[in-house]
Amino acid sequence: MTYRKEIRLFKALADANRLQILESLQNGEKCACILLEELNIAQPTLSHHMKILVDAELVNFRKEGKWMHYSLREDIKNHVIGRLEKFIK
């Protein structure tokens, strides 16, 4: 059995910046420019964190002009709980 998806998910959750991003996105979709201001980090750092969150299937994205817009996956809570329940019931 492979645990790659679970490893990606739990690693994505194991970082303070990424948790702050998830918390910020609870209020709805945000442009990368807004996230940059809120987190006070450099654009390459934000891109790194967003790639991890997207790869972990926690965040959706869309491109509008030169900016990326990010939102939480609609069923994020069920997604995370479902993955966790695989190991802890």
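Nothing here was measured: the structure is a model prediction, and the numbers come from that model. (Residues numbered from 1 in each chain as written. Predicted model: local features only at pLDDT ≥ 70, side-chain atom pairs only at ≥ 80, totals over all residues. Heavy atoms only, no water.)

### Re the environment of Ser24
Residue placement: Ser24 occurs in helix α2 (residues 16-25). Ser24 sits 12 residues away from Leu36 along the chain, and the two C-alpha atoms are 11 Å apart. A polar side-chain atom of Ser24 sits 2.4 Å from a polar atom in the side chain of Glu38. (Helix = DSSP H or I, 4+ residues; strand = E, 2+ residues; numbered from the N terminus. Polar contact = N/O pair within 3.5 Å; in protein donor to acceptor, adjacent residues only side chain to side chain.)

### Observations concerning the pattern of salt bridges
Under the counting rule described, the total for this entry stands at 9 salt bridges. Residues Glu57 and Lys5 are paired through a salt bridge, measuring 3.9 Å at the closest nitrogen-oxygen approach. With a gap of 52 residues between them, Glu57 in the loop between α4 (43-55) and β2 (59-64) and Lys5 in helix α1 (residues 4-13) connect regions that are remote in the sequence. Given a relative accessible area of 40%, Lys5 falls into the partly exposed group. We note a salt bridge from Asp75 to Arg73, for which the minimum N-O separation is 2.5 Å. The exposure class of Asp75 is partly exposed, given its relative accessible area of 33%. With a relative accessible area of 22%, Arg73 lands in the partly exposed category. It is possible to trace a salt-bridge network through shared partners that takes in Lys5, Glu57, Arg73 and Asp75. (Salt bridge = Lys/Arg side-chain N within 4 Å of Asp/Glu carboxyl O. Buried < 20%, exposed > 50% of the residue type's maximum accessible area, 1.4 Å probe, protein only.)

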